[in-house]
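Here are the chains, one letter per residue:
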Amino acid sequence: MNQLKINNYKGIIFDLDGVIYDITEAINKAVADCIEKYQLQVNIDEVMQEIAHLIEEIQNYPVPKIILNSYDLLKVNFLKGIRYFKKLRVGIFLFNQFSKYREESSIFEGIDELISKLHDKKLKLAILTNNKSSYAEEVLEKFNLTKYFSLIMGFNDVSEVKPSPEGILKILEEWDINPSEAIFIGDMTTDIQAGKAAKVKMICVASGLAQKEALMEGQPDILVDNTQELIKIFNF
Ligand SMILES: [Mg+2]
């Protein structure tokens, strides 16, 4: 089991969806609704990460940009072989269902306690999401986590989203600390790429959106299966 010497670090950057906020069920239900309504032939586990990325990307864009980019956006495996206009209908239905189910989503069990303990240890904490920063603020507020985070960064605060290391580097600069003094916790292959490019300690949680094999290939410094395992590596 990997253990971290927490005293060696000054700051921890968290991704939001899939690390703090559990949207797995919301995506699962939205995809299940699409499969039923449009009779799609897909294996949900195989398309999870792709759909999570698609949803994340769509949330970043204003509507005109979604329409302009819809042809490329919808070039995803789970819609392969479907006519373009049906793809659009499925895509819109998927996004609406997801937005509805997301309201019922919650944070991972124990993650709030971990965040509070890290805050007690005087570590600086930040959120880096490819979503809008206002979305992150809303989620943190809903679960009483706002007070722990000194920085919340969304796609609207950077010129390049993850996998670019820009967001991480910006946070480190703001904190005035070195990459070797920081940890980034994410759940996707794009997070691993961003963390490694920024040269911070990269911890990946295989919380369900991405398949573990794909995450292993990205070679994060530490890969854990779930929130409980994540808490264990901090060894309080
Ligand atoms: Mg995530």
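About the cut-offs
- Residues numbered from 1 in each chain as written.
- Predicted model: local features only at pLDDT ≥ 70, side-chain atom pairs only at ≥ 80, totals over all residues.
- Heavy atoms only, no water.
- Buried < 20%, exposed > 50% of the residue type's maximum accessible area, 1.4 Å probe, protein only.
- Helix = DSSP H or I, 4+ residues; strand = E, 2+ residues; numbered from the N terminus.
- Arc of directions from axis to C-beta.
- Core = buried A, V, L, I, M, F, W, Y, C linked by side-chain atoms within 4.5 Å.
- Domains from an automatic or database assignment.
- Contact = heavy atoms within 4.5 Å.
- Buried area = accessible area lost by both parts, 1.4 Å probe.
- Salt bridge = Lys/Arg side-chain N within 4 Å of Asp/Glu carboxyl O.
- Polar contact = N/O pair within 3.5 Å; in protein donor to acceptor, adjacent residues only side chain to side chain.
- Donors = N, O, S within 2.8 Å, 3.2 Å for Na, K, Ca; no water.

Novice: I tried to follow helix 6 (residues 133-142) on my own but got confused; where do I start?
Specialist: One full turn of an α-helix is made of 3.6 residues, so residues set three or four places apart face in the same direction. For helix 6, the complete set of buried residues consists of Ser 133, Tyr 135, Ala 136, Val 139 and Leu 140. Axial view of helix 6: buried residues confined to an arc of 155°, hence all on one face. Of the exposed residues in helix 6, the ones pointing more than 90 degrees away from its buried face are Glu 138 and Glu 141. Just downstream of helix 6, Asn 144 is the residue with a positive phi angle, here 60°.

Novice: Sorry if this is basic, but what is going on with the nonpolar core here?
Specialist: In globular proteins that are soluble, nonpolar side chains generally tend to be buried together. With 85 residues, the main nonpolar core has Phe 14, Ile 20 and Phe 234 as its most contacted residues. When residues in this core are grouped by element, the largest group, 7 residues, is from helix 2 (residues 44-60). In this structure, this core is formed jointly by two domains, domain 1 (6-22 + 106-234) and domain 2 (24-102), each of which donates at least three residues. Aside from chain neighbours lying at most four places away, what touches Phe 14 is Val 19, Ile 20, Ile 111, Ile 115, Leu 118, Leu 125, Ala 126, Ile 127, Leu 128, Phe 149, Phe 184 and Ile 185.

Novice: Sorry, what's going on with the domain arrangement of the chain here?
Specialist: Frequently, the measure chosen for interface size is the accessible area removed from exposure when the parts meet. Entries for the chain in the domain assignment read domain 1 (6-22 + 106-234) and domain 2 (24-102). The gap between the C-alpha centroids of domain 1 and domain 2 is 25 Å. Facing 15 residues of domain 1, the contacting portion of domain 2 comprises 13 residues. Around 1,300 Å² of area is buried between domain 1 and domain 2 when both sides are counted, 46% of it from carbon and sulfur atoms. Linking domain 1 with domain 2 are 0 salt bridges, by the criterion used here. Between domain 1 and domain 2 we count 2 residue pairs in polar contact (both at pLDDT 80 or more) in total. At the level of secondary structure, the elements contributing two or more residues to the side of domain 1 that touches domain 2 comprise strand 2 (21-22) and helix 8 (189-198).

Novice: I'm lost on the pattern of salt bridges in this one. Help?
Specialist: Here the idea is simple: oppositely charged side chains can pair when their charged atoms come close. Evaluation of the coordinates by the stated rule reveals 8 salt bridges. The salt bridge partner of Glu 181 is Lys 10, with a shortest N-O separation of 3.0 Å. Placement of the pair is Glu 181 in the loop between helix 7 (166-175) and strand 6 (182-186) and Lys 10 in the segment before strand 1 (11-14), with a sequence separation of 171 residues. Assessed through its relative accessible area of 16%, Glu 181 is described here as buried.

Novice: Would you take a moment to explain the coordination of the magnesium ion for this structure?
Specialist: For a metal bound by four donors in a tetrahedral arrangement, the ideal donor-metal-donor angle is 109.5 degrees, while six donors in an octahedral arrangement ideally sit at 90 or 180 degrees. Coordination of the magnesium ion by the protein is provided by Asp 15 (OD), Asp 17 (O) and Asp 187 (OD), with metal-donor distances spanning 2.0 to 2.1 Å. The motif formed by the donor residues of the magnesium ion, counted along the single chain, is D-x1-D-x169-D. Of this pair, Asp 15 sits in the loop between strand 1 and strand 2 while Asp 187 sits in the loop between strand 6 and helix 8, placing them 172 residues apart in sequence. Summarising the burial analysis for this pair, Asp 15 and Asp 187 share the class buried.

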